[in-house]
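# Structural characterization, general
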Amino acid sequence: MTRIVIIGAGFGGIAAAAELIKDSRNDVTILEKADRIGGVWRDNTYPGCACDIPAPLYSYSFAQNPAWSRRFPPHQEILTYLEKCAADLGVTELIRFGTEVTAAEWDGSRWLISTTGGALKADVLVPAVGQLSRPSVPSLPGAETFRGVAVHTAHWTPDVPVEGQRIAVIGTGASAIQLVPAIAGRAAHIDVFQRTPPWTLPKPDRRYGRARHYAYRKVPVLMQASRAGTWLLTLVTGAAVTGNRIADRLVRGVSNVQRRIQVRDPALRAKVTPDEPMGCKRVLFTNAWLPALARPDVDLVTEKIVAVTEDGIRTADGVDHPCDVLVYGTGFAATEFLVPIRVTGRDGVALDDVWREGAHAYLGVTVPGFPNMFLVYGPNTNTGNTSVIYFHEVQARYIAQAVRLVAHGDKPLEVRAERAAGYDAEIQSRLAGSVWTGCQSWYRNASGRVVTNWPGKAQEYRRRAARVDRSDFR
Ligand code: NAP
């Protein structure tokens, strides 16, 4: 038997487990720090939280769901779908909940894994902890003195007060633009603190009615057709951010028209007009964001935040903005990957040191010096324009092949350093000319290296990671 430990029971970890258990010689355990599966879909419960990639594509290709209530379903529905998939695939019973991995060390022949629930040994380690699992809260002067409720969007709980409250929301990213419209009208007043206006696009959302559910159940191939249609749509947005000028002009034009129609006040429109290259941050699909900002009970504040006071937020113009609830919609420490897990590879080398200048991995999956370790959703495998689940499935199949090689070989599988370095040089040189270098975002680390995103189209990634090439490994 090959003992495999997967860290994390989100979409990535479950995809990997589903693929790996197809081989009965694999003994798979999933370690999950929380008491429920779901990753970001378990953690993010703020009002309005939903997926902004259509569900037919933001789901497993092998487990299409005939029952989606709409094209862009709310988070609870996605979580329920994932739980059902895990149960149906026989993955749930492999999960050890409430078990947080603190360290993993290669002892020369296997991985020694330290967890809050004791130690484990594994032949193969599959970290699948996601890129957006660690909330990032800026250290604003005086934050600790605030007397109201302060919460990050990813830590929202049902008891965060909204009704009749004065609410400050810092940030205008994917999370904030979903939250604000959902609480506007319930809160007494909302101040939105914007540092940079995001590019937006209309969200082609629609209800899926009974006729569609019936048709999908009776003729499942229709779901594949819907998935293919969604895929074609994402090809256009993908082309727009990866250098196709016609697609760029088209998408930019749609965004400009949306702004003109939804924001009548020229002063507000000027404030929400992006000045960064479109796509350097995630382009946001929304119908409700701009109308929410135009409401009389919502103010968009563009002055720089200089401090948090006992009663609210102070901006650079000296104005105090009192609030009862302070929401950090300030994103995630995406570029730190496996932090805070201490991973030590061959010859006692720490992954932290190898990744000091920025995380990198061959095909985003495997790192020289770290034998028999294969990442899901590792460095440079994120996509801002199509579904990351597509990438997870490619990685799951790659990892299953690699594990077969591990099982059949008498040596651990370690990617050749020169092969990984050549790959990284290629990826970084393509990224150097990409739109993502046009501004600072969670795609780039402090030194500006793009560490999260894949530079090309999703199908290129699938082609390149379709087969494990034995010659890539020592
Ligand atoms: P984000 O995109 O990183 O946005 C963070 C926001 O906080 C930005 O507007 C940023 O401003 C602002 N900010 C950060 N630090 C600040 C500071 N010190 N002062 C003022 N403003 C500050 O984070 P997110 O909205 O949580 O989204 C992260 C990712 O999660 C998304 O890109 C997406 O991939 C995923 N997500 C997906 C969905 C979905 O529907 N599928 C929903 C939510 C999130 P700047 O722009 O100026 O940096």
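Residues numbered from 1 in each chain as written. Predicted model: local features only at pLDDT ≥ 70, side-chain atom pairs only at ≥ 80, totals over all residues. Heavy atoms only, no water.

## Brief notes about the nonpolar core
I6, F11, Y58, Y60, I167, I190 and L293 are the most contacted members of the largest nonpolar core, which has 102 residues in total. For this core, the leading source of residues is helix α11 (residues 388–408), giving 12 residues. Not counting residues up to four positions away in its chain, the partners in contact with Y58 are F11, W41, C51, I53, W68, I78, S387, V388 and I389. If you look at the next biggest cluster of nonpolar residues, it comprises 24 residues, including W106, W111, L120 and I341. (Core = buried A, V, L, I, M, F, W, Y, C linked by side-chain atoms within 4.5 Å. Buried < 20%, exposed > 50% of the residue type's maximum accessible area, 1.4 Å probe, protein only. Helix = DSSP H or I, 4+ residues; strand = E, 2+ residues; numbered from the N terminus. Contact = heavy atoms within 4.5 Å.)

## Remarks on the sheet that holds strand β4 (residues 101–106)
The 4 strands lie next to each other as β6-β5-β4-β18, forming an open sheet whose pairing is mixed. Looking at strand neighbours, the two that pair on one side only are β6 (118–122) and β18 (342–344), the edges of this open sheet. Put simply, the sheet's adjacent strands are angled 15° from each other on average, direction ignored. Of the strand pairs in this sheet, β4 and strand β5 (residues 111–115) are connected by 5 bridges, and their pairing is antiparallel. Within the sheet, the bridge partner assigned to E105 lies in β5 and is L112. (Pairing = 2+ DSSP bridges. Axes fitted to C-alpha atoms, helices over the stretch in contact; angles between N-to-C directions.)

## Describing the site of the ligand
Lining the immediate surroundings of the ligand are 22 residues, of which A50, D52, T172, S175 and T196 lie closest. The separation between an oxygen atom of the ligand and a polar side-chain atom of S175 is 2.7 Å. For the ligand, an oxygen atom lies 3.0 Å from a polar atom in the side chain of K281. Protein chains bury 84% of the 910 Å² of accessible surface belonging to the ligand in isolation. Considering every element that reaches the shell around the ligand, the biggest residue donor is helix α4 (residues 174–183), with 3 residues. (Near = heavy atom within 4 Å. Polar contact = N/O pair within 3.5 Å; in protein donor to acceptor, adjacent residues only side chain to side chain. Areas by Shrake-Rupley, 256 points an atom, 1.4 Å probe, with all protein chains shown as cover.)

## Concerning the side chain of T366
Summarising the element assignment, T366 is placed in the loop between α10 (351–354) and α11. Of the residues examined, T366 reaches a relative accessible area of 1% and is grouped as buried. Setting aside chain neighbours within four positions, we find T366 in contact with A361, M373, F374, Y398, V415 and F473.

## Overview of the domain arrangement of the chain
When the domains of the chain are assigned, the result is domain 1 (2–134 + 334–472) and domain 2 (143–328). A straight line from the C-alpha centre of domain 1 to that of domain 2 covers 27 Å. Between domain 1 and domain 2, the contact holds 43 residues from the first and 39 residues from the second. Between domain 1 and domain 2 the total buried area reaches about 3800 Å² when both faces are included, carbon and sulfur atoms providing 56% of it. The tally of links from domain 1 across to domain 2 stands at 2 salt bridges. Linking domain 1 with domain 2 are 16 residue pairs in polar contact (both at pLDDT 80 or more). Along the lines of polarity and charge, the residues of the side of domain 1 that touches domain 2 split into 21 nonpolar, 17 polar and 5 charged. (Domains from an automatic or database assignment. Buried area = accessible area lost by both parts, 1.4 Å probe. Salt bridge = Lys/Arg side-chain N within 4 Å of Asp/Glu carboxyl O. Nonpolar A, V, L, I, M, F, W, Y, C, P; charged D, E, K, R; others polar.)

## Considerations on unusual backbone geometry
Between V339 and the following residue, P340, the backbone shows a cis peptide bond with an omega angle of 10°. In this fold, P340 is placed in the loop between β17 (325–328) and β18. Residue Y377 is not a glycine yet carries a positive backbone phi of 60°. The residue Y377 is located in the loop between α10 and α11 in this model. Positive phi is not limited to glycine here, since N380 has a value of about 55°. Mapped onto the elements, N380 comes out in the loop between α10 and α11.

## Re the pairing of strand β10 (residues 189–193)
Within β10, 4 of the 5 residues are buried, which leaves it mostly tucked inside the rest of the structure. In the sheet, strand β9 (residues 166–170) pairs with β10 via 5 bridges, with the strands oriented parallel. Looking at the pairing, R166 lines up with H189 of β10. Tracing the backbone out of β9, into α4 and back to the parallel element β10 gives a crossover that is right-handed. When β10 meets strand β13 (residues 298–301), the two strands line up parallel, connected through 4 bridges. Paired with D191 across the bridge in β13 is D299. (Right-handed = clockwise from strand over helix to strand, strands pointing away.)

## Quick word on the side chain of N453
For N453, the position within the fold is in the loop between α12 (417–432) and α13 (458–464). A polar contact of 2.9 Å, which involves the side chain of N453, links it to the side chain of N382. When sequence neighbours within four positions are dropped, the list of residues in contact with N453 reads N380, T381, N382, L431, W436 and Y443.

## Comments concerning α11
With 21 residues, α11 extends 30 Å between its outermost C-alpha atoms, agreeing within 8% with the 30 Å of an ideal straight helix rising 1.5 Å per residue. In terms of burial, α11 is a largely internal element, 16 of the 21 residues being buried. Two to three positions downstream of the cap, the backbone nitrogen of I389 sits 3.1 Å from a side-chain oxygen, assigning the N-cap of α11 to S387. (Expected span 1.5 Å × (residues − 1).)

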